[in-house]
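Report on the structure
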Amino acid sequence: MSIAENIQSIRQRMAAAAQAAGREDPILLVGASKMNDAAACREAVAAGIDALGENRVQELLGKYAEGAYEGAPLHFIGHLQRNKVRQIVGKVSLIHSVSSLELLEEIQRQAEKQGLTQAVLLEVNIGGEESKSGFAPEEVEAAARRAAQLPNISMEGLMTIPPIQTVPHENLPYFRDVYRLYIDIGEKVFHNKLKYLSMGMSDDFEDAIAAGANMVRVGSAIFGARHYI
Ligand SMILES: *Cc1c(COP(=O)(O)O)cnc(C)c1O
């Protein structure tokens, strides 16, 4: 199957999941293109992917220089170190993975320097895993309030990466929890103006859509299995 065929089949599955959930609002497909080259990214763009998301700053910069992302919005979805913020602010239209207040403040600082507004999502560590970054659920509201005060930050929603599933549908309760948090914070802090709830990957995007995600991040189901070196 080609990248274009994979995207088409994922779109169909997304539409079926949305229909089953009685949803008619748009749901965006972000291609998680880590470890796939510029040619693969261009194929996904040509096939109408809504955005491409990268995990590593170094890889993003290299592929950016090759024109890999031309024609589609570029997102940053991976763990972000504070000392690398400067290199991506202004290049990416959305950072999904703001995982600490220090990182938020650094994005504000760099966006101010460049005279632009950076759109961000706050990452929620919904499984409470040591190995994952993100705010604990009880910390998200305070972080959202801080984000709302920062002049060069546009706080647009939440993102989560739940634990790796061992059986199908295992993450559905986590997705529902993050949806509730998204609605709750949207009401309390943003007059219901939050835009994006980013959750769901190759193995569980249909469950994420059932729970209310409007942005899914799909890698291997589009690009094939990744070959770690
Ligand atoms: C790699 C990655 C994905 C996509 O994972 P797949 O299981 O390959 O679909 C989604 N989100 C993040 C943050 C990722 O790093």
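Residues numbered from 1 in each chain as written. Predicted model: local features only at pLDDT ≥ 70, side-chain atom pairs only at ≥ 80, totals over all residues. Heavy atoms only, no water.

Our focus in this paragraph is the nonpolar core. Membership of the largest hydrophobic core comes to 66 residues, with the highest contact counts inside it found for Leu29, Ile49, Ile95, Ile107, Leu122, Leu158 and Ile222. When residues in this core are grouped by element, the largest group, eight residues, is from helix H7 (residues 172-190). Counting seven residues, the second-largest nonpolar core is a separate cluster that includes Val30, Ala51, Leu94 and Met159. (Core = buried A, V, L, I, M, F, W, Y, C linked by side-chain atoms within 4.5 Å. Buried < 20%, exposed > 50% of the residue type's maximum accessible area, 1.4 Å probe, protein only. Helix = DSSP H or I, 4+ residues; strand = E, 2+ residues; numbered from the N terminus.)

The next point concerns the packing of helix H5 (residues 101-114) against helix H6 (residues 140-149). Put simply, H5 and H6 touch, their axes get as near as 11 Å, and they point 10° apart. Between H5 and H6, the angle falls in the class roughly parallel. When H5 is examined against H6, the residues Leu101, Leu104 and Glu105 are found in contact with a partner set consisting of Ala143, Arg146 and Ala147. (Axes fitted to C-alpha atoms, helices over the stretch in contact; angles between N-to-C directions. Parallel < 35°, antiparallel > 145°, perpendicular 65-115°, else oblique. Contact = heavy atoms within 4.5 Å.)

This part covers the packing of H6 against H7. Where H6 meets H7, the closest approach of the two axes is 10 Å, and the angle between their N-to-C directions is 40°. Our classification of the angle between H6 and H7 gives oblique. As H6 packs across H7, the resulting crossing turns out to be right-handed. Contact residues: H6 offers Val140, Glu141, Ala144, Arg145 and Ala148, while H7 offers Leu181, Ile185, Lys188, Val189 and Phe190. Split by residue class, the contact of H6 with H7 holds seven nonpolar, no polar and three charged. (Left-handed = near helix turned anticlockwise from the far one by under 90°. Nonpolar A, V, L, I, M, F, W, Y, C, P; charged D, E, K, R; others polar.)

Glancing now at unusual backbone geometry. In this structure, histidine 169 is a non-glycine residue whose phi angle is positive, near 70°. Positionally, histidine 169 belongs in the loop between strand S6 (153-160) and H7. Positive phi, normally seen in glycine, also occurs at histidine 191, with a value near 50°. Mapped onto the fold, histidine 191 is located in the loop between H7 and strand S7 (196-198).

Attention now goes to the site of the ligand. Around the ligand, a shell composed of Ala32, Lys34, Asn55, Ile77, Ile161, Met201, Ser202, Arg217, Val218, Gly219, Ser220 and Arg226 is seen. The separation between an oxygen atom of the ligand and a polar main-chain atom of serine 220 is 2.8 Å. When isolated, the ligand has an accessible area of 390 Å², and the protein chains bury 90% of it. (Near = heavy atom within 4 Å. Polar contact = N/O pair within 3.5 Å; in protein donor to acceptor, adjacent residues only side chain to side chain. Areas by Shrake-Rupley, 256 points an atom, 1.4 Å probe, with all protein chains shown as cover.)

Going through the model one piece at a time under the given rule, you end up with 13 salt bridges. Between arginine 23 and aspartate 25 there is a salt bridge, and its shortest N-O distance comes to 2.8 Å. Overall, the relative accessible area of 37% leaves aspartate 25 in the partly exposed class. Close ionic contact of lysine 132 with glutamate 129 constitutes a salt bridge, the shortest N to O distance being 2.7 Å. Taking relative accessible area as the criterion, glutamate 129 reaches 21% and is therefore assigned partly exposed. Here the salt bridges share partners, and the residues they tie into one network are Glu141, Arg145, Asp184 and Lys188. (Salt bridge = Lys/Arg side-chain N within 4 Å of Asp/Glu carboxyl O.)

The end-to-end C-alpha distance of H7, which contains 19 residues, comes to 26 Å, matching closely the 27 Å that a straight helix rising 1.5 Å per residue would cover. Every buried residue of H7 is accounted for by Leu172, Phe175, Val178, Leu181, Tyr182, Ile185, Gly186, Val189 and Phe190. Tucked inside the fold, the buried residues of H7 contact strand S5 (118-124), H6, S6, S7 and helix H8 (205-211). Among the residues trailing H7, histidine 191 stands out with phi positive, at a value near 50°. (Expected span 1.5 Å × (residues − 1).)

Two residues of an α-helix separated by three or four positions point the same way, owing to the 3.6 residues in each turn. Every buried residue belonging to helix H2 (residues 38-46) is among Ala38, Ala40, Cys41, Ala44 and Val45, and all of these are buried. Across the axial projection of H2, the buried residues extend over an arc of 160°, all falling on one side. (Arc of directions from axis to C-beta.)

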